[in-house]
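Topology and contacts: notes
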Amino acid sequence: MAERGVQLSQEKFSCSICLDLLKDPVTIPCGHSYCMNCITDHWDAGTQKEVYSCPQCRKEFTPRPVLEKSIVLTGFVEDLKKTGLQAAPVDLCYAGPEDVACDVCTGKKRKAVKSCLFCPASYCRDHLQPHYDAPPLKKHKLVNPSKNLQQNVCSRHDEVMKIFCRTDQQCICYLCTMDEHKGHETVSLAAERAKKQKEVQVRQQQIQQRIQDQEKDVKLLQQEVEAINVSADKAVEDSEKIFSELIRLIQKRSSDVKQQIRSQQETEVSRVKELQEKLEQEITELKRKDAELEQLSDTEDHSQFLLNYPSLSALSESTHSSSINIRPLRCFEDVTAAVSELREKLQDILRETLINISLIVTEEDVLLSEPEPKTRAEFLKCSQEITLNPNTAYNNLLLSEGNRKVTVMKEQQSYPDHPDRFTDCAQVLSSKSLTERCYWEVEWKGGGRANIAVSYKNIRRAGRSNECLFGVTDKSWSLRLETNGYTFYHNKSKTPVSGPFSSRIGVYLDHRAGILSFYSISDTMTLLHRVQTTFTQPLYAGIRLRPLFNGSSIEFVNLK
């Protein structure tokens, strides 16, 4: 193991031109490193004075790169010299049974470091050097050592095959085009490889897309299993509660219903899991085929690529649909509904009394709620720290200052896909719901206009529909700020609002009492608009900005 480490260190810091440790090492733009004198002499001896290429990867540079000594590599080489690791052990340089041997070496052959597709032959470091020095050889195609070079030679004419006959779908040499392939459609191997490579990429994309689709299907099936289990558990729980309310008169029915639900649950889960397993098996097979295509794509040898291409197995049709239709779980809901109907018949007598009790409780709730604040000091006692939810933010809105500030940006932000995100409206909602008395203030900067809002969570998020906008439906309430005044919006109705203009707005919410108020904040606190209603769901603070006004922002002021 120690000797192997020595060899790797030597090769890593050796110049591929002189095959010795780097002297005054320089790194050219493609990333390969050479002795400064070696690469300078190599470029000076080149026939094309305006184009300079890397001896290893053949990448061309125009103009000639400026060479500067690499301080880091120099240090590594000096350390290597101090440790005495000047050369790899001789035994490790010779070819073993599994290695590709140099075709030029006589006697005991060394390991080949490159194979030439044009010669065709494999070369060790010493015998490869002419391919870097001799101008005619510099144009040859060098690849990693290959044992299959003879497959690139025409068995009839003993010439390297550089042409592909599309008529017969086989590799041929230039002499073949003059006899048995005369008049056929022929192209270079590189051209045919490029064409086939595109087909491979298309097939690979199809496989990858199918993998993604079926992985989604597996997730949907898993969700269906969970939904079946949740629905079944809830049906059992509801059934047991209802039967317990009827005392023990129908206990046997409760046990029967429970057994039926569990039986159906087992049947449905078994069906879904069976399909899930089949899809996972198909995914495994598709990944195997994808790996084969990836391996084929990485083949540097055009001939090997085209020889192996026909052996690829055709992509079979999926045995399952690419989309899984999730059936509504009606069976368990129907059980609950049937038992509930029986209970309702017994509760009809109590219904009127229950309604009266409910009304009394509601009235007491309102009466017991705290009075609305009158001064700013009282409002500040109700202050609530508001942070915005990145999962709801429109893609051109930047959240900052601990998600308390939102700014319009020209560039889209790298937010992940999320079902809560506003896709076409420059809006964002708060992270936490607001169900108690609370107060907050916002500071608006920039042109255009802005909306300060509260909204239910189930406001529409996707599409350009007006139902996504704050204040358009009955799911949100919104105060629009413009430099010339304010307008209040709710449920397709707008109300002009008068009052002193300020870039700072205060919002007071008493969810239980159904009160929502907006204030203009300056040296004084002026009420702009007050809503008295009944909120049926938790509310979230919302912000809307004009997407065309880059830099426009709103920040939730820290009041504590």
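So, how was this worked out
- Residues numbered from 1 in each chain as written.
- Predicted model: local features only at pLDDT ≥ 70, side-chain atom pairs only at ≥ 80, totals over all residues.
- Heavy atoms only, no water.
- Helix = DSSP H or I, 4+ residues; strand = E, 2+ residues; numbered from the N terminus.
- Contact = heavy atoms within 4.5 Å.
- Areas by Shrake-Rupley, 256 points an atom, 1.4 Å probe, with all protein chains shown as cover.
- Buried < 20%, exposed > 50% of the residue type's maximum accessible area, 1.4 Å probe, protein only.
- Salt bridge = Lys/Arg side-chain N within 4 Å of Asp/Glu carboxyl O.
- Pairing = 2+ DSSP bridges.
- Axes fitted to C-alpha atoms, helices over the stretch in contact; angles between N-to-C directions.
- UniProt positions renumbered as here; feature names shortened; annotations may be inferred.
- Arc of directions from axis to C-beta.
- Polar contact = N/O pair within 3.5 Å; in protein donor to acceptor, adjacent residues only side chain to side chain.

Here we take up the overall build of the protein chain. Helices and strands together make up the secondary structure of the protein chain, namely 11 helices and 23 strands. For the protein chain, contacts bridging at least 24 residues in sequence account for 60% of all contacts bridging at least 6. If you sum the accessible surface of the protein chain, you get close to 32,200 Å²; carbon and sulfur atoms cover 50% of it.

Of note, the amide linkage connecting Thr62 to Pro63 takes the cis form, showing an omega dihedral of 0 degrees. Within the fold, Pro63 resides in the loop between strand S4 (60–61) and helix H3 (71–82). The phi dihedral of Gln169 falls on the positive side, at around 55 degrees, and the residue is not glycine. In this fold, Gln169 is placed in the loop between strand S8 (163–165) and strand S9 (170–172). Note on Gln169: relative accessible area 46%, which makes it partly exposed. At Lys492, a position not held by glycine, the phi torsion is positive, near 65 degrees. Take Lys492: it is sitting in the loop between strand S17 (485–490) and strand S18 (493–497). Note on Lys492: relative accessible area 75%, which makes it exposed.

On to the pattern of salt bridges. Oppositely charged side chains may form a pair once their charged atoms are brought near each other. According to the stated counting rule, one finds 25 salt bridges in the structure shown. A salt bridge links Lys195 to Glu199; the shortest N-O distance between them is 3.0 Å. With Lys195 and Glu199 both in helix H7 (residues 189–245) and 4 residues apart, this pair spans about one turn of that helix. Given the relative accessible area of 36%, Lys195 is considered partly exposed. Taking relative accessible area as the criterion, Glu199 reaches 30% and is therefore assigned partly exposed. Glu292 is paired through a salt bridge with Arg288; the nearest N and O atoms lie 2.4 Å apart.

So, on to the sheet that holds strand S5 (residues 114–116). Read from one edge of the open sheet, 3 strands run S6-S5-S7, paired in antiparallel fashion. Each edge of the open sheet carries a strand with a single partner, namely strand S6 (121–123) and strand S7 (142–143).

Here the focus is the sheet that holds strand S10 (residues 186–188). Read from one edge of the open sheet, 3 strands run S9-S8-S10, paired in antiparallel fashion. Of all the strands in the sheet, the pair left with one neighbour each is S9 and S10. Here the strands of the sheet are splayed against their neighbours by 35 degrees on average, with no regard to which way each runs. The sheet contact formed by S8 and S10 spans 3 bridges and is antiparallel. Bridge pairing in S10 places Cys165 opposite Thr186.

According to UniProt, the feature "coiled-coil region" (unreviewed entry) maps to residues 197–231 and 262–299 in the numbering used here. For residues 197–231, the helix share is 100%, the strand share is 0%, and the end-to-end C-alpha distance is 50 Å. As annotated, residues 262–299 has a helix share of 95% and a strand share of 0%, and its two end C-alpha atoms lie 55 Å apart.

Let's shift gears to helix H2 (residues 36–44). Those residues of H2 that sit buried are Cys38, Ile39, His42 and Trp43. The buried residues of H2 occupy an angular sector of 125 degrees when the element is viewed end-on, so they sit on one face. Of the residues in H2, the exposed ones pointing more than 90 degrees away from the buried face are Asn37 and Asp41. Looking at the buried residues of H2, the elements they touch are strand S1 (25–27), strand S2 (33–35), strand S3 (52–53), S4, helix H5 (130–133) and helix H6 (135–138).

Among the secondary structure elements, Thr392 is positioned in the loop between helix H11 (376–381) and strand S11 (397–400). Within the structure, the side chain of Thr392 is placed 2.8 Å from the backbone oxygen of Asn389, a separation counted as a polar contact. Residues in contact with Thr392, not counting those within four places in the same chain, are Asp420, Arg421, Phe422, Gln427, Val428, Leu429 and Arg461.

To continue, consider the pairing of strand S22 (residues 539–545). Among the 7 residues that make up S22, 7 are buried, leaving the element largely enclosed by the rest of the structure. In S22, alternate side chains face the same way, and those of Leu539, Ala541, Ile543 and Leu545 on one face and Tyr540, Gly542 and Arg544 on the other are all buried. Note: strand S13 (residues 427–429) against S22, 3 bridges, orientation antiparallel. In the strand pairing of S22, Gln427 is matched with Arg544. Pairing of strand S15 (residues 449–456) with S22, which is carried by 7 bridges, proceeds in the antiparallel orientation. From the neighbouring strand, Ser455 faces S22, where its bridge partner is Tyr540.

Turning our eyes to something else, we now look at the environment of Glu78. Mapping Glu78 onto the fold places it in helix H3. A relative accessible area of 37% means that Glu78 is categorised as partly exposed. C-alpha separation for the pair Glu78 and Leu22, spaced 56 residues apart in sequence, amounts to 9.6 Å.

Moving on, we come to the pairing of strand S12 (residues 405–408). Side chains on a regular strand alternate between the two faces of the sheet. Across 4 bridges, the pairing between S11 and S12 is antiparallel. If you follow Ser400 over to S12, its bridge partner there is Lys405. As paired elements, S12 and strand S23 (residues 553–556) share 3 bridges and run antiparallel to each other. Paired with Val406 across the bridge in S23 is Ile554.

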